[in-house]
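Listed below are the residues making up each chain.
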Amino acid sequence: NTLLASLLPAGSISYLYYADRVMEFPLGVFGIALASAALPAMARQGAAGDTRAIAGTLNFALRLSFYIAAPATVGLVLLRTPITRVLFERGQFGPAETAATASALAWYAAGLAGFSGARIAAQAFYAVGAPGTAVRWGAVSVVAGIGAAVALMGPLGHAGLAAASSVGAYVNVVALVVAARQRFGPLGGPALVASATRTAIACVPVAAWCA
């Protein structure tokens, strides 16, 4: 993104940097923390050869991840401008810079569930000593992100690069979940869908409050 942003108008690299820092806050506090907490449990289950237990742990961690990521996404998207203004708007960082950073933040935030879910799903493969699977699909997601970046940077500018990162994240999490199902068995899809639906419904009043 930084390399491609260097081809765009001045300031694009900075807008992406600041927007990414804001998005990384909920991802680091919750998403990566969940992944780190799930790894020891899945490693113990993997050592015991209990693939069904790994599937159950992965299911729970993904549900909890979306439960946190979805309202965080709503808040970051709807409050992107005031959040950016409070954190950064001072000195030579004026209203125009706030608007440009906020647009990138919205597209980064849209991928928050993907970033968090991919990190968690990858841990399942590290837990059973199969990091190659996570690495291979990570490489595929990078290629998908680059393709999306090239396609979107024209019409959307620097915000298109942020959107491309989110596209890559969702490619990664979907691929890893499919691979996990093949390796560990059913992951409890109905429970995942039901939980995601309840979380989405719960986000409606969050969105109304933010608006």
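Placed above this text is the structure.
Reading the values: rules and limits
- Residues numbered from 1 in each chain as written.
- Predicted model: local features only at pLDDT ≥ 70, side-chain atom pairs only at ≥ 80, totals over all residues.
- Heavy atoms only, no water.
- Helix = DSSP H or I, 4+ residues; strand = E, 2+ residues; numbered from the N terminus.
- Buried < 20%, exposed > 50% of the residue type's maximum accessible area, 1.4 Å probe, protein only.
- Contact = heavy atoms within 4.5 Å.
- Core = buried A, V, L, I, M, F, W, Y, C linked by side-chain atoms within 4.5 Å.
- 1 Å grid on protein atoms, 1.4 Å probe; cavity = no way out; pocket = protein on both sides within 12 Å on 5 of 7 lines; lining within 4 Å.
- Points joined across faces, edges and corners; volume = space filled by probe spheres on them.
- Nonpolar A, V, L, I, M, F, W, Y, C, P; charged D, E, K, R; others polar.
- Patch = residues over 30% accessible without salt bridge, like charges linked within 9 Å, V, L, I, M, F, W, Y side chains within 5 Å.
- Areas by Shrake-Rupley, 256 points an atom, 1.4 Å probe, with all protein chains shown as cover.
- Salt bridge = Lys/Arg side-chain N within 4 Å of Asp/Glu carboxyl O.
- Phe/Tyr/Trp six-rings, centres within 6.5 Å; stacked < 30°, edge-to-face > 60°.

A.B. asks: So what's going on with the environment of Ala 110? Which residues, and what values?
C.D. replies: As for its position among the elements, Ala 110 is in helix H5 (residues 95-110). Since its relative accessible area comes to 33%, Ala 110 is described here as partly exposed. C-alpha of Ala 110 to C-alpha of Leu 62: the two residues are 48 residues apart in sequence and 17 Å apart in space. When near neighbours in sequence (up to four residues on either side) are disregarded, Ala 110 contacts Thr 73, Ser 166 and Tyr 170.

A.B. asks: An account of the nonpolar core is requested, with residue identities and associated values reported.
C.D. replies: Membership of the largest hydrophobic core comes to 24 residues, with the highest contact counts inside it found for Leu 16, Met 23, Tyr 108, Leu 112 and Leu 161. Counting residues per element, the ones that place at least two in this core are helix H2 (12-47), helix H3 (51-78), H5, helix H6 (112-127), helix H7 (131-156) and helix H8 (158-184). Tallying contributions element by element places H2 first for this core, with five residues. In this structure, Ala 38, Ala 55, Ala 121 and Ala 134 belong to the second largest nonpolar core, which totals 23 residues.

A.B. asks: Account for empty space enclosed by the protein, naming residues and giving values.
C.D. replies: The full count for this structure, using the stated rule, is one cavity of 30 Å³ or more. In terms of lining, the largest cavity is formed by Pro 26, Leu 27, Phe 30, Gly 31, Leu 34, Ser 65, Ile 68, Ala 69, Ala 72, Leu 112 and Ser 116. Going through the elements one at a time, H2, H3 and H6 are the ones with two or more residues in the lining of the largest cavity. Top contributing element to the lining of the largest cavity by residue count: H2, with five residues. A per-class count over the lining of the largest cavity returns eight nonpolar, three polar and no charged.

A.B. asks: Account for a nonpolar patch on the surface, with residues named and values stated.
C.D. replies: Judged by side-chain polarity, Phe 25, Val 29 and Phe 30 come together as a nonpolar surface patch covering roughly 300 Å² of accessible area. By the element assignment, Phe 30 lies in helix H2. Among the residues examined, Phe 30 registers a relative accessible area of 38% and is labelled partly exposed.

A.B. asks: Account for the packing of aromatic side chains, naming residues and giving values.
C.D. replies: Per the counting criterion, the structure on display carries five aromatic pairs. Ring centres of Tyr 17 and Tyr 18 lie 5.6 Å apart, and the angle between their planes is 70 degrees; on these two criteria the pair is classed as edge-to-face. Among the residues examined, Tyr 18 registers a relative accessible area of 28% and is labelled partly exposed. Summarising the aromatic geometry, the rings of Phe 125 and Phe 184 are spaced 5.8 Å apart at their centres and angled 40 degrees between planes, so their arrangement reads as tilted.

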